[in-house]
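The chain contents come next:
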Amino acid sequence: SRITGGDREHANTNEYDLEWDRLMEDFGYRFIEECHNDIKYQRVLHSIGYTLSDFLIHFDCLHDHLNCSRKFTNILPPSFICSVENPDSILLESYHQRHRWSYFTVGIVKAVAEIVFSQPVSIDVLEASNRHENYKCQFYRIHYRCISLKKVSQVGSVSTSPKDLKILPATFCKAFPFHFIINRDMILIQVGSGLMRFLPSELPDIDIFLGSSISYETRSFADCLKMISPKVEPTFEHIMSYCNSRFTLETVSQLHGKTIQLRGQMIYASESDCILYVGSPCVSALEELKGRGLYLSDIPVHDATRDVILVGEQAKVQEDLVTRMQKVKAKLEQASKELRQEKTKNVDLLNTIFPKDIAMKLWKRKYPLEQLCRRVDNVTVLFSDIVGFTAICSTCEPFVVVEMLNRLYTKFDDLSAKLNVYKSFRSFIKSLSKTLAALEMQ
């Protein structure tokens, strides 16, 4: 048969696509291996989910952790939605904004199954959907090869009927004061009691009961809140695509001149075809809390934000205590330094007046008086004076006299040290008195 140029080009394209898919699959596998080799990320990988489906649903936890590290920055993570088809397989939906990265997810899932759960899986890449402008939706079917991956959640069966709910909407709004529910038209149909205070004042009060007949036209999501992260359009479909991500929202209106940010998650309520948002204020100190018009009573007891704030205040108290202790320590060190300097001066003075061994005994104060005295049978005492010292002082400049005395006594000190002779301090004081008296005469 004859092969045309078009067939050859098509064959080359298919071969290129196959090599690219293998490369991306290996890239995804090596990515998980690299994370697992680092002990910090290894602990995160083994703590995300009990089952493989739970792991993939909450895989965004690892993305958040990586984004906070210096090793992986500015990554654009996908979002996963899992549904169990039967005991042997699960259907995975992957939403991502990169082109031709479908097999990267294949490598990630295989690596997670083998490295984290120690069992291999097989994956079928299904059709892709481009129903959204900014991202691509890719479907995968994951087949288990071992019964150990089929372990199910230990939670018992739960009713899906709203009639079985044992809590009123008012109680729910009190238990979760910073929640809201939006319908497909992005209209707020239920709002918690804490978040209610941050809604625009011109909006009418929102009925906390679902199915209210009050008009919702002026209570759209965009009128009350704006999306901080993830960076997606605030539409029902976009939020559903990233429902496993952590959502940070900010109020449009201000209370006490400041807006408030909320951090929480979006949960799809299939029974009402709505999205429930449950969040907490992004505050970590009492100053931030009061500055935004909030109080500790606005935060429910079960919310960890309370502990964060109180622990932060306790840390501030400890920091203040450490600062005060450091100041006291600095003062004690300075006082100790000055004390050592005064001690040195006293020791030098004693050494000047008495022989060094006697001066040391006097300083230690451990010896009785009779041990401080020394008897010397044979001594030679030299008494010296400067002849005509008064006349010299009357005719010479004061600094000339001082310079002369300095040279004289320095020579005497050198000779005394060389010959091991003790110089009486009294004679020095007497000579110094004469000098000062002579200087006063001028």
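Shown above is the structure to which this text applies.
(A) Up close: the pattern of salt bridges. Applying the stated criterion across every chain, the model contains ten salt bridges. The partner of Glu-342 in a salt bridge is Lys-345, with the nearest N and O atoms 3.7 Å apart. In this pair, Glu-342 and Lys-345 both sit in helix H11 (residues 304–353), three residues apart, roughly one turn of the helix. Arg-407 serves as the salt-bridge partner of Glu-403, at 3.8 Å between the closest nitrogen and oxygen. Pair noted here: Glu-403 and Arg-407 are both in helix H15 (residues 398–419), with a separation of four residues, about one helical turn. The exposure class assigned to Arg-407 is exposed, which follows from its relative accessible area of 51%. Through salt bridges with shared partners, a single ionic network connects Asp-26, Arg-30 and Glu-33.

(B) Structural context of the side chain of Asp-298. Within the fold, Asp-298 resides in the loop between helix H10 (286–291) and H11. Side chain to side chain, Asp-298 and Arg-197 meet in a polar contact 2.9 Å long. Not counting chain neighbours up to four residues away, the residues in contact with Asp-298 comprise Pro-177, Phe-178, Arg-197 and Gly-293.

(C) Just the packing of aromatic side chains, in detail. Counted according to the given criterion, the structure contains seven aromatic pairs. On the numbers, 5.0 Å between centres and 20° between planes, the contact of Phe-180 with Tyr-277 is stacked. Of the two residues, Phe-180 is situated in strand E5 (residues 179–182) and Tyr-277 in strand E10 (residues 274–281); the sequence distance between them amounts to 97 residues. Looking at Tyr-277, the relative accessible area reads 0%, which means it is buried. On the basis of an interplanar angle of 80° and a centroid distance of 6.4 Å, the ring pair of Phe-236 and Tyr-268 is categorised as edge-to-face. One end of the pair, Phe-236, is in helix H9 (residues 236–241); the other, Tyr-268, is in strand E9 (residues 261–269), and 32 residues separate them in sequence. Looking at Phe-236, the relative accessible area reads 1%, which means it is buried. Judged by relative accessible area, Tyr-268 falls into the partly exposed class, the value being 33%. The rings of Phe-27, Phe-31 and Phe-104 are connected pair by pair, giving a single aromatic cluster.

Thresholds, definitions, all that
- Residues numbered from 1 in each chain as written.
- Predicted model: local features only at pLDDT ≥ 70, side-chain atom pairs only at ≥ 80, totals over all residues.
- Heavy atoms only, no water.
- Salt bridge = Lys/Arg side-chain N within 4 Å of Asp/Glu carboxyl O.
- Helix = DSSP H or I, 4+ residues; strand = E, 2+ residues; numbered from the N terminus.
- Buried < 20%, exposed > 50% of the residue type's maximum accessible area, 1.4 Å probe, protein only.
- Polar contact = N/O pair within 3.5 Å; in protein donor to acceptor, adjacent residues only side chain to side chain.
- Contact = heavy atoms within 4.5 Å.
- Phe/Tyr/Trp six-rings, centres within 6.5 Å; stacked < 30°, edge-to-face > 60°.

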